[in-house]
Amino acid sequence: MDTHFIPQQAVVLLENGLQLPLGTDGRAYFNYYWLRDNCPSSFDSATRERSFDIFHLEQPPRAASADIVGDTLIISWADETHVSRYPLSMLAANTGGQQRADPADLPRKAWFSDHYPQIQRFSQPDLMQDRSLVAQWIKAMIVDGLTIVTDMPDSDQGLTDTVRLMGHVRPTFFGEYFDVKTHINPTNTAYTAKALELHTDTPAEEYAPGIQFLHCRANTVQGGLSIYSDGVAVANAFRTADPEGFRLLSEIDIPFYCEHDDYDMRSRQRVIELDQHGEVSGLTISQHMADVFDLPQDVLDSYYPAFCRFGRMLQDDRFLMRFMMKAGECMVFDNHRVVHGRLAYSATTGDRYLRGCYADRAEMRSTYRALVSEGRFRA
Ligand SMILES: [Fe+2]
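Residues numbered from 1 in each chain as written. Predicted model: local features only at pLDDT ≥ 70, side-chain atom pairs only at ≥ 80, totals over all residues.

Side note on the overall build of the protein chain
Link 1 in the chain: When its secondary structure is counted, the protein chain shows nine helices and 22 strands.
Link 2 in the chain: A compact globule built from 379 residues should have a C-alpha radius of gyration of about 21 Å, whereas the protein chain, at 26 Å, is more than 25% larger.
Link 3 in the chain: The C-alpha extent of the protein chain, read off along each of the three principal axes, is 80 × 55 × 50 Å.
Link 4 in the chain: Counting all 379 residues of the protein chain, 31% fall into the buried class.
Link 5 in the chain: Long-range contacts, defined here as pairs at least 24 residues apart, represent 73% of the contacts in the protein chain between residues at least 6 apart. (Helix = DSSP H or I, 4+ residues; strand = E, 2+ residues; numbered from the N terminus. Rg over C-alpha atoms; globule rule 2.2 N^0.38 Å. Buried ≥ 20, exposed ≤ 12 C-beta atoms within 10 Å, placed from the backbone. Contact = placed C-beta atoms within 7 Å.)

Right, here's the structure in full:
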């Protein structure tokens with residue numbers, strides 16, 4: 001007997017839903033609320049939003065009859081004069097409660113200290129004219145977490161225009177844009193000529209900005225090499241080398257702060273962030289913005305050694321990429337994944353000016369989906 005044979009069954013009406021001859025065992029169950037709410041007529045083709053309001057059904061939805069005709073399930077509803085028609089392909093895609101396929105959910109590709117020549121580069125004037133190139137740029141951002149936009153106009157507007165290709169400028173509590181150069185009264189180590197250790201930006205915000213742009217307008221000083229490490233590469237190596245340390249850093253929240261005369265920003269974050277698949281999605285780390293750890297002191301017996309081991313690993317020669325930024329380049333990187341910093345420089349030897357801002361990571365993914373997929377309702 002062929003055990004793979006699944007006899008064709010009729011639709012079976014049950015108390016709270018119905019059963020269809022679909023799915024791996026030929027018995028896919030669908031709840032009536034779900035079916036009524038997701039009738040194709042529930043969605044407005046102009047706004048693409050759900051226009052049906054399930055909160056105002058007078059009775060719980062229940063099928064009076066249901067039949068499969070060709071490749072369509074037809075339900076006549078009890079207690080209302082409505083007939084729903086569902087393509088079986090739509091139902092087959094929802095038999096197991098599976099999440100909707102997401103074109104922006106791409107596997108990350110870890111990179112190491114030798115990555116600089118391979119960083120994907122995109123010319124700003126080309127990006128401004130070609131949306132398919134913007135899709136390639138964003139794909140590189142999702143996969144690698146870091147790209148360089150070249151041939152940037154030497155203007156403030158050039159940076160704004162570049163950000164607008166993927167989303168909006170996302171303000172922080174410092175405002176919309178920031179200038180990295182030596183300040184007379186610095187409020188931040190970045191605004192001095194000192195070395196800036198590897199960090200992610202504004203960890204003290206509840207939701208730190210996702211994508212960072214650093215537009216190099218001038219760089220003629222001695223020193224000041226940029227340093228970057230891929231948090232995914234380092235955290236994955238750390239996971240193998242020290243599983244218990246990895247667990248501590250990915251499960252325990254620690255406090256971050258940013259404080260000066262008229263602000264006092266605070267948050268609690270995990271150093272290693274995991275995504276919905278349990279894979280490392282990024283980091284939140286900053287020695288100059290880590291608050292006094294307020295964990296029980298005996299927890300710190302194991303947390304601190306793991307924290308220091310991981311911090312040293314970020315700076316390991318296997319992972320640390322060093323290079324000199326050039327005027328006209330804009331580093332674009334995932335602030336939740338890539339740690340960045342710089343070596344000290346001599347402020348009297350020339351000019352060093354980076355202008356920066358942020359965009360939102362979810363908005364970048366939204367732009368990518370719109371560029372590469374049809375969406376749910378587009379023809
Ligand atoms: Fe920074």
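There is more to say after this.
Some remarks on the domain arrangement of the protein chain
Link 1 in the chain: Here the protein chain is described as being made up of domain 1 (12-92) and domain 2 (116-371).
Link 2 in the chain: Computed from C-alpha atoms alone, the centre-to-centre distance between domain 1 and domain 2 is 47 Å. (Domains from an automatic or database assignment.)

Some thoughts on unusual backbone geometry
Link 1 in the chain: The backbone of Asp151 sits at a positive phi, close to 60 degrees, despite the residue not being glycine.
Link 2 in the chain: For Asp151, the position within the fold is in the loop between strand S8 (146-150) and helix H5 (156-164).
Link 3 in the chain: The phi dihedral of Thr202 is positive, around 40 degrees, even though this residue is not glycine.
Link 4 in the chain: Mapped onto the fold, Thr202 is located in the loop between strand S10 (196-199) and strand S11 (211-219).

Focus: the sheet that holds strand S2 (residues 17-20)
Link 1 in the chain: Pairing in this open sheet of three strands is antiparallel, and the strands run S1-S2-S3 from one edge to the other. The open sheet terminates on both sides in strands that have one partner only, identified here as strand S1 (12-13) and strand S3 (28-31).
Link 2 in the chain: Relative to S3, S2 runs antiparallel, the two being bridged by four bridges. Looking at S3, one finds that Gln19 is bridged to Tyr29. (Pairing = 2+ DSSP bridges.)

Section: the packing of helix H7 (residues 243-251) against helix H8 (residues 297-314)
Link 1 in the chain: For the pair H7 and H8, interaxial distance at closest approach is 9 Å and the crossing angle is 100 degrees. Regarding the angle of H7 to H8, the classification is roughly perpendicular. Contacts between H7 and H8 involve Gly245, Leu248 and Leu249 on the former and, on the latter, Ser302, Tyr303, Ala306, Phe307, Arg309 and Phe310.
Link 2 in the chain: Partitioning the contact of H7 with H8 into residue classes produces six nonpolar, two polar and one charged. (Axes fitted to C-alpha atoms, helices over the stretch in contact; angles between N-to-C directions. Parallel < 35°, antiparallel > 145°, perpendicular 65-115°, else oblique. Nonpolar A, V, L, I, M, F, W, Y, C, P; charged D, E, K, R; others polar.)

Section: the sheet that holds strand S22 (residues 352-359)
Link 1 in the chain: Spatially, the six strands line up as an open sheet ordered S7-S8-S19-S11-S22-S9, and their pairing is mixed. The sheet terminates laterally at strand S7 (121-123) and strand S9 (178-180), the two strands that pair on one side only. Each neighbouring strand pair of the sheet contributes to a mean axis angle of 25 degrees, computed without reference to strand direction.
Link 2 in the chain: Note that S8 and strand S19 (residues 330-334) share four bridges and pair antiparallel. Within S19, the residue paired with Val149 across the bridge is Cys330.

Topic: the nonpolar core
Link 1 in the chain: Grouped together as the largest cluster of nonpolar side chains are 58 residues, with contacts concentrated most on Phe213, Val271, Cys330 and Val332.
Link 2 in the chain: Of all the elements, helix H6 (residues 231-241) adds the most residues to this core, at five residues.
Link 3 in the chain: By size, the runner-up hydrophobic cluster in this structure holds 12 residues, among which are Leu20, Leu22, Ala63 and Tyr86. (Core = buried A, V, L, I, M, F, W, Y, C linked by C-beta atoms within 7 Å.)

A short note on the environment of Glu205
Link 1 in the chain: Within the fold, Glu205 resides in the loop between S10 and S11.
Link 2 in the chain: According to the C-beta neighbour criterion, Glu205 is partly exposed, with 17 such atoms within 10 Å.
Link 3 in the chain: Taking the C-alpha atoms as reference points, Glu205 and Phe256, separated by 51 residues in sequence, lie 8.4 Å from one another.

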